[in-house]
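This is what each chain is made of:
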Amino acid sequence: MKTKASSGTGPSQRQLRVGELVRHALSDILSRGDLPDPALSKVLITVPEVRMSPDLKIATCFVMPLGGKDTKAAIDALATNAKPLRGEIARRVELKYVPELRFRIDTSFEEGSRIDALLRSPDVARDLDHHDDQDDNENNKDDQA
């Protein structure tokens, strides 16, 4: 008996595996320049993640042009070439249905930088130092006991 996954769970193992296969194929296609579009041939595009829909028919591809410049132009060029990209992926990955490709800008690098800056802020450093002092005091009490 099949049970419906709750909305709080993450992607299934199958979604992760297919997403990784599509990501590898897309990265390979973009790095080799297998598409004749000059807009895609003049910029290097990284593909950090591909998320698959539960039915594996939609692939949301998170991409970032090298250097983070001209992101809008890169997304537009990829969207324009989605059909030929899908055909190339069909040749490289054996799937019952080749997913529809949707392209989004990967913001994980900016998010990581933002979190790093927060962790290095004086307020957080002060709180961490205060927490370390409390831990040291507790350890000293345990040693004396």
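Report on the accompanying structure. (Residues numbered from 1 in each chain as written. Predicted model: local features only at pLDDT ≥ 70, side-chain atom pairs only at ≥ 80, totals over all residues. Heavy atoms only, no water.)

As for helix H1 (residues 13-32)
Thinking step 1. Between the first and last C-alpha of H1 there are 29 Å, a value that for 20 residues agrees with the 28 Å anticipated at 1.5 Å per step.
Thinking step 2. When we look at burial in H1, the residues that qualify are Gln 15, Val 18, Gly 19, Val 22, Arg 23, Ala 25, Leu 26, Ile 29 and Leu 30.
Thinking step 3. Contacts from the buried residues of H1 go to strand E1 (45-52), strand E2 (58-65), helix H3 (71-80), helix H4 (82-92) and strand E3 (100-105).
Thinking step 4. Just beyond H1, the residue with positive phi is Gly 33, at close to 70°. (Helix = DSSP H or I, 4+ residues; strand = E, 2+ residues; numbered from the N terminus. Expected span 1.5 Å × (residues − 1). Buried < 20%, exposed > 50% of the residue type's maximum accessible area, 1.4 Å probe, protein only. Contact = heavy atoms within 4.5 Å.)

A few points about the sheet that holds E1
Thinking step 1. On the basis of which strands lie adjacent, the open sheet formed by three strands has the order E1-E2-E3 and mixed pairing. The outermost strands of the open sheet, each flanked by one partner alone, are E1 and E3. Strand after strand, the sheet turns through a mean of 30° between neighbouring axes, direction not considered.
Thinking step 2. As judged from the six bridges shared by E1 and E2, these two strands associate in the antiparallel manner. Each residue of the ladder has a partner; that of Met 52, found in E2, is Ala 59.
Thinking step 3. Along the sheet, H3 contacts E1, E2 and E3; its crossing angle with E3, the most-contacted strand, is approximately 180°. (Pairing = 2+ DSSP bridges. Axes fitted to C-alpha atoms, helices over the stretch in contact; angles between N-to-C directions.)

Notes on the packing of aromatic side chains
Thinking step 1. According to the stated counting rule, one finds zero aromatic pairs in the structure shown.
Thinking step 2. Taking NZ or CZ as reference, Lys 57 lies 4.3 Å from the ring centre of Tyr 97, over its face. (Phe/Tyr/Trp six-rings, centres within 6.5 Å; stacked < 30°, edge-to-face > 60°. Lys NZ or Arg CZ within 6 Å of the ring centre and 35° of its normal.)

Regarding the environment of Thr 80
Thinking step 1. Within the secondary structure, Thr 80 is located in helix H3.
Thinking step 2. In sequence terms Thr 80 and Asp 37 are 43 residues apart; their C-alpha atoms lie 9.4 Å from each other.

Digging into the pattern of salt bridges
Thinking step 1. All told, the structure shown has eight salt bridges when counted by the stated rule.
Thinking step 2. When the shortest N-O distance is used, the salt bridge between Lys 72 and Asp 76 registers 3.3 Å. In this pair, Lys 72 and Asp 76 are both assigned in helix H3, four residues apart and thus about one turn of the helix distant.
Thinking step 3. Residue Lys 72 is classed as exposed on the basis of its relative accessible area of 58%.
Thinking step 4. Given the relative accessible area of 35%, Asp 76 is considered partly exposed.
Thinking step 5. The shortest N-O distance in the salt bridge between Arg 102 and Glu 100 comes to 3.2 Å.
Thinking step 6. On the accessibility criterion, Glu 100 (36% relative accessible area) is partly exposed. (Salt bridge = Lys/Arg side-chain N within 4 Å of Asp/Glu carboxyl O.)

Let's talk about the packing of H1 against H4
Thinking step 1. Close contact between H1 and H4 brings their axes to 10 Å; oriented N to C, the two are set at 120°. Considering only the axes of H1 and H4, their crossing is right-handed. Facing Val 22, Ala 25, Leu 26, Asp 28, Ile 29 and Leu 30 of H1, the residues of H4 in contact are Leu 85, Glu 88, Ile 89 and Arg 92. (Left-handed = near helix turned anticlockwise from the far one by under 90°.)

Fair warning: the whole summary comes from geometry, so function is off the table for now.
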